[in-house]
Amino acid sequence: MSLRIRRIALSNFRRYRDPFVLDGLTDGLNVIIEPNETGKSTLLEAMRAAFFIRHNTANRLARSYAPYGEAVAPQIEIGFEAKGEAWEVSKRFLKSASVEVRGPNGRAQGEDAEAQLQALLGARRDTSQGGDAAAHGALGLLWVGQAQALEVTAPGEIVRDSVRATLEAEVGTIMGGAAYQRVRPRIDSQFAEYWTNSGRPTVRQTAARDEHEAAQRAASEAAARLAALEQGFSDLEAARARLKVLDRDLADTSDAEQRRTLVGKLDVARSAAQLLDTRRAEQGRLVDRVRAFEDLASRLATARKAVSDTAAALSKARDSRSGLVGELAAAQERATTARELLIRARDTRRAAHTTLDAARMRAAERERWAASGEARRRYAELVALEAEYEATRQLAMTVIPTTVIKALEERERTVDKARAAVDAGATRIEFAGDVGGLTIDGAAAERGDRMLFRETRIRLGDAELIIRPPVGLQGAETTLANATDDLNAALAEYGVESVAAARARNEAARDAVANLRTLEARIAGITPAVTLLDIEAGASALKLFIAGLQEGAEGEGNCEEPDVETLTIASGEADTALAKAEGVDAVASEQLREVEARNAPLMVQEAGAERDALNAAAQLATLETKPEVASLEDALRDARQQEAAALVNLQDAERAATAHDVVTIERQIGLLDKRVEVARAQRTDLEKVIAGLEARIEAEGGKGLADRAAVAREEADAAVANLARVTQEAETLKLLRDTLESARAETSRTFVGPVARRARRHIERLLPGADPGFGDDLGLASIARGGLGESCGDLSRGTQEQLAVLTRLAFADMLLEQGMPVSLILDDPLVYSDDTRLDLMTEILTEAATRMQVILLTCRDRAFRHLGNRISLTGGR
Amino acid sequence: MLRLIHTADWQLGKPYGRFDSDLRAALSEARFDAIDAIGKAAAEHEVRHVLVAGDVFDTEGPEDRVIVQAVSRMQRYACTWWLLPGNHDFARNSGLWDRVRAKGAANIRILAEPVPCELEPGQWLLPAPLTHRHNLDDSTALFDTMETPGARLRIGLAHGSIRDFSSRGEAQNQITPDRAQRSNLDYLALGDWHGSLRVDARTWYSGTPETDRFQRDEPGYALLVTLEAGAEPSVSPIRTGRFQWLMRSWTVADAEGFAAECDRLLAQVEPSATLLQLSLSGIVSLSDRIAILARLDNDLRHRLRHLAVTADDLVGRPSEQDLADLRVEGMIGTAAGKLMSMIEAGGSDGAIARRALERLFVEHQRGQDAA
């Protein structure tokens, strides 16, 4: 049954200083549209004051009722209907505060009146300073002041409790909140000992786990230490067993026996090796011998061949020369004849000339005599000059022709060449130190260098050193001797000692020639031709004249005149004969020279061949003097046989040495020794190890490791059991708490259901398809749309306000069903709503107004003017 | 005539690591105390020789303290202690027994070699020490080759289990059961089996002097053996053990039945020397189960020396009343319903769900009590 406000009268209440009465409120929707500052909110405040604020309170709220700055008594009178009966409440605050309630049971005043009001409206005594909407029961929720609806708030406890009865009746179950509240905190606190809020193990669980882990760790450590000790024991056993084996091995004599045998073998092997070395040396020596014999044989063969070759060459050279010998003799014959003829011709000519000359002298004698005086004078002068000239001429006469010089030089070069060839082939030896008793080719040796050109024997005591220069040297020596002979012959011919002397003489002679010309000029000057005396120009004529003069009588001039002409012819004939003889002689000489020139190389060749033959023969002779030559072949055969035999011996020795290899035996002995050594070392090591292990066991054994391990193991087992127990307890508590929580949630859902159902009816219209979610406190918590949930706080202001109004409406409906006197008063609602939503909301409110009284206080004329019963504050005043 | 004490399996230094430290100390100490008990018994019965048939120590590598404790306690008594290495404390070079020997106790004889020793003139002890943790050969086979000149009594001392001829394959540390007869022994003192056991008239296991595990209810014993040539040995057990290790499986129908069992048990035992391993089974109401567990935790656990409970088979099924009580509580009822359906689905989740439901029930009742 709706609560219906019928009449409100105010005086001295805030802006209503003057008495004001509002009536004409109908059962359904009443709309009070007034501009701001008209007193709409004051009206709602006045209603709350009348119903819920104790008359005799002087709290801040009550004091605020008096108009500002006035000490008056605010007074309110409200006529209303509740539960189908008419009521009236009259309240006066502050000054002479009073309250009076008139209802179907008469009137009541003071506390009684307040109690009646609270009982009627389902409110609680409000002890707050500023007014507590929660204490105002259903109307606290449904009378919504300005801006109060902007948040979706949960209903207060009174409302919840009021509603609960409905809900319990409706869902057929009970919340059992009190018993739950007793049990739940205890379970939670027990739970907290095992789990964190986020469901992770904590406190006792972690303690048990830590304890378990520590125990396990301790157990495994103890077990490990024990295992180490046990390992020590088994190591010790093993070491002792090994030591026993080693001792047995060391005591075993078979190795020593084997070693002795091996040492014996080693001696055999060593002698075999020695024998092998001897055999090798022997065989090497024999090989050398065979080689020496073979060498000798080959040298002999070579020498023999050389002898036969040189003999052939010699005979060939002699053959080729023998053809030339006859020719040479003929040429010499001819040359000799020609020379003799020449000499005769010369003699003849000389005689002719002499005769001629004598005749001529006698002819001229007379003339000369005349002029002999003059001649005598000039002669005296001439004599002096001629003396000088003669000296000079003597000198000039010594000149040797250039061709001769060249020939001399040529010969000298030939000598030098030959000497160089000899020198090159010669052996140079040097004696030094005490050379007493040392003879060279039988002569006592002297200190210093010496060149050897032929085989030379040097003796010292019975020893003889034979030095044989090369074979070619003898030929060179012969060449040298020939060349020297040639050179000396030429030098002797010109009366000089050497070619150099010849050159020097020529120099002096050339100077003399120059002087001669000067002297000749002077002589010529003093010896002009004297036709009378038949003195021709020249000194000789003069001298001849003078000489004749001296010989004959100067005064003689009366001698017979000689036949000069005949004599001259004879002389000419003699000259011609001489010329012929000279020609013949020249040709003969030329021919001889030619033959001789052809003969010379052949002679050299023949000499060389002779020398070679001699050398070869000498060499062969030398070789053949060796004693072994006689039986060389036998010796060689013997040597080869011996070598073969030695080779066989060598192979035998090698076989023997291989069969008894020293290295192998030594290695075997070494192995045996090493084995013993290693065994001893191992034994020492083992004893060390055993001592170490014994020490360790002694140190560790006394610590009771086995006991500790057993204790630790049992403690670990106990820790496992404890952990299992704790885990079980934790699981139990977790399950219990979860179950309690889910029971609570389930119950809450069951209880919230009817609220949600009612709210959904309205909300569906506003937000089609939306599903409201209510919290345990019955407050609207979320809206689910299209499967997505949204917290109410996240919705738009407008939507929040609309939802707040709609949930209030749902509660109002429920309270109404329960017979609670409710009405809906909204002060300035839906300020954020758009037109569409506003229309929808007004429609819902209009519909709600068919079930309960709804009073809208608003300043928005256009939005609400078309609705319901419009009441004007100003008009009613 | 020869009188001796036969004991074995002292297992000195046994760690008991799964128990809390107090109990651990007590149990360890009790094993040493057993030596005193045996020593006193020897003195009382004028026994000059105590034969320990192996496993004197729990491990081959005990703490020094364990050795010193053992040696010093044995030294207190006049008798000679013949110690045989067993599989737990087998003999080896540089091992445990060298350490014991190094303590230089005159009345302790270590039988690390299988060489016969004369206890008294003509009374020979034939030891079969173990040299490995696991021995495939019968260590007592050597008895046949041991020379015991002028023997009037031949006493074998060995450690291992009696060979089971029906089993195939190679078992470890086994001893042929007719060894006494085969080797012409007057008595064969065996160790390894922790309870006293007569194999035949001349072959006995002494058992451990101080029980060390939940296996049998009996406390530990040593055997007082009297031997006479040609006669069967006379063997009588002497209690040496302090603690009793009890195993109980109770099937309970409700809290009252459980309480009765508890009372019965407590009447029979010395609680402070009792260790109990209890298995509970049965189906009870959830509130009964909670009451039973509360009794165990709040009462029995504190009376006994030690209590280990396995209550997984004690199914606490919520009664109709239980469930109805919960159901009126709205959300808690819903949660209980969810858990119930998980329990009915079974599996590992079911087991957790069962515990969760029990916890919910406990907390709910506690909440109601508080309210």
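Bear in mind that the values here come from a model prediction, so they are computed numbers and not experimental data. Along each chain, residue indices are assigned from 1 in the same order as the chain's sequence is written. Chains carry letters and ligands carry numbers; both start at the beginning, A for chains and 1 for ligands, and go up in the order they are written. Under the rules for a predicted model, residues below a pLDDT of 70 receive no local features and side-chain atom pairs below 80 are neither given nor counted, while totals for whole chains, interfaces and linings still include all residues.

Caption draft 1: Representation of the overall build of chain A within the structure. Starting at the N terminus, helices and strands are each numbered in turn, a helix being any DSSP run of H or I of at least four residues and a strand any DSSP run of E of at least two. The helix and strand tally for chain A stands at 21 helices and 20 strands. Counting over 877 residues, chain A shows a buried share of 31%. Once C-beta atoms are placed from the backbone, any two residues with those atoms within 7 Å are in contact. Long-range pairs, those at least 24 residues apart, make up 74% of the contacts in chain A with a sequence separation of at least 6. With C-beta atoms placed from the backbone, a residue counts as buried when 20 or more other C-beta atoms lie within 10 Å of its own, as exposed when 12 or fewer do, and as partly exposed for counts between those limits.

Caption draft 2: Representation of the interface of chain A and chain B in the model. Across the contact, 42 residues belong to chain A and 38 residues belong to chain B. Listed by contribution, the elements that provide at least two residues to the side of chain A that touches chain B are α6 (177–192), α7 (203–251), α16 (662–701) and α17 (705–766) of chain A. Counting residues per element, the side of chain A that touches chain B draws most heavily on α17(A), at 21 residues. Partitioning the side of chain A that touches chain B into residue classes produces 20 nonpolar, 10 polar and 12 charged. Polar here means any residue outside two lists: the nonpolar Ala, Val, Leu, Ile, Met, Phe, Trp, Tyr, Cys and Pro, and the charged Asp, Glu, Lys and Arg; Gly therefore counts as polar.

Caption draft 3: View of helix α18 (residues 797–817) of chain A. All names here are of chain A. Taking 1.5 Å per residue, 21 residues should reach 30 Å; α18 reaches 30 Å between its end C-alpha atoms and fits that length. Among the 21 residues that make up α18, 17 are buried, leaving the element largely enclosed by the rest of the structure. Just downstream of α18, Gly-819 is the residue with a positive phi angle, here 85 degrees. Under the convention used throughout, the expected extent of a helix is 1.5 Å for every residue step, that is, one less than its residue count.

Caption draft 4: Examining the nonpolar core more closely. With 86 residues, the main nonpolar core has Ile8(A), Ala46(A), Met47(A), Ala812(A), Val822(A), Leu824(A) and Val854(A) as its most contacted residues. Residues contacting Val854(A), with those up to four places away along its chain left out, are Gly28(A), Leu29(A), Asn30(A), Leu824(A), Leu845(A), Ala848(A) and Ala849(A). A set of buried Ala, Val, Leu, Ile, Met, Phe, Trp, Tyr and Cys residues, joined through C-beta atoms within 7 Å, is what we mean by a nonpolar core. Core analysis: the second largest hydrophobic core is formed by 80 residues, Leu51(B), Val52(B), Trp81(B) and Leu84(B) among them.

Caption draft 5: Examining the pairing of strand β5 (residues 117–120) of chain B more closely. Following DSSP output, two strands are said to pair if at least two bridges run between them. Inspection of the sheet shows β5(B) paired to strand β6 (residues 123–128) of chain B by 3 bridges, in the antiparallel sense. Paired with Glu120(B) across the bridge in β6(B) is Gln123(B).

Caption draft 6: Structural context of the packing of helix α1 (residues 21–44) of chain B against helix α2 (residues 64–75) of chain B. All names here are of chain B. Helix axes use the C-alpha atoms of the stretch in contact, all axes being lines fitted to C-alpha atoms, and the angles between their N-to-C directions lie in the range 0 to 180 degrees. At a minimum axis separation of 9 Å, α1 and α2 run at an interaxial angle of 15 degrees. Classed by the angle they form, the pair α1 and α2 counts as roughly parallel. The handedness of the crossing between α1 and α2 is right-handed. Between α1, through Phe-32, Ile-35, Asp-36 and Gly-39, and α2, the contact on the second element is made entirely by Gln-69, Ala-70, Arg-73 and Met-74. Under this scheme an angle from 65 to 115 degrees is roughly perpendicular, one under 35 degrees roughly parallel, and one over 145 degrees roughly antiparallel; angles in between are oblique. Each crossing gets its handedness from the near helix: less than a right angle anticlockwise from the far helix is left-handed, clockwise is right-handed.

Caption draft 7: Looking closely at the sheet that holds strand β7 (residues 106–109) of chain A. Residues and elements named next belong to chain A. Across the sheet, 6 strands lie side by side as β2-β1-β4-β5-β6-β7; this open sheet has antiparallel pairing. Of all the strands in the sheet, just β2 (20–23) and β7 have a single pairing partner and so form its edges. Neighbour-to-neighbour, the strand axes of this sheet turn through a mean angle of 10 degrees, independent of strand direction. Here strand β4 (residues 75–82) pairs with strand β5 (residues 85–92) via 8 bridges, running antiparallel. Each residue of the ladder has a partner; that of Ala-82, found in β5, is Glu-85. In this fold helix α3 (residues 110–121) packs onto β4, β5, β6 (98–103) and β7, with an angle of close to 55 degrees to the strand it touches most, β6.

Caption draft 8: Geometry of the confidence of the model for chain B. Every residue carries a pLDDT, the predictor's confidence in it, which falls somewhere between 0 and 100. Per-chain confidence: chain B averages 87 in pLDDT, with 97% of residues scoring 70 or above. Two numbers describe this predicted complex: its pTM, 0.51, and its ipTM, 0.75.

Caption draft 9: View of the sheet that holds strand β15 (residues 770–774) of chain A. All names here are of chain A. Reading across from one edge, β15-β16-β17 is the order of the 3 strands in this open sheet, with antiparallel pairing throughout. Each edge of the open sheet carries a strand with a single partner, namely β15 and β17 (788–791). Strand-to-strand twist in this sheet, taken as the mean axis angle between neighbours without regard to direction, amounts to 30 degrees. The pairing of strand β16 (residues 780–785) with β17 spans 4 bridges and is classified as antiparallel. Residue pairing for β17: Ile-783 is matched across the bridge by Glu-790.

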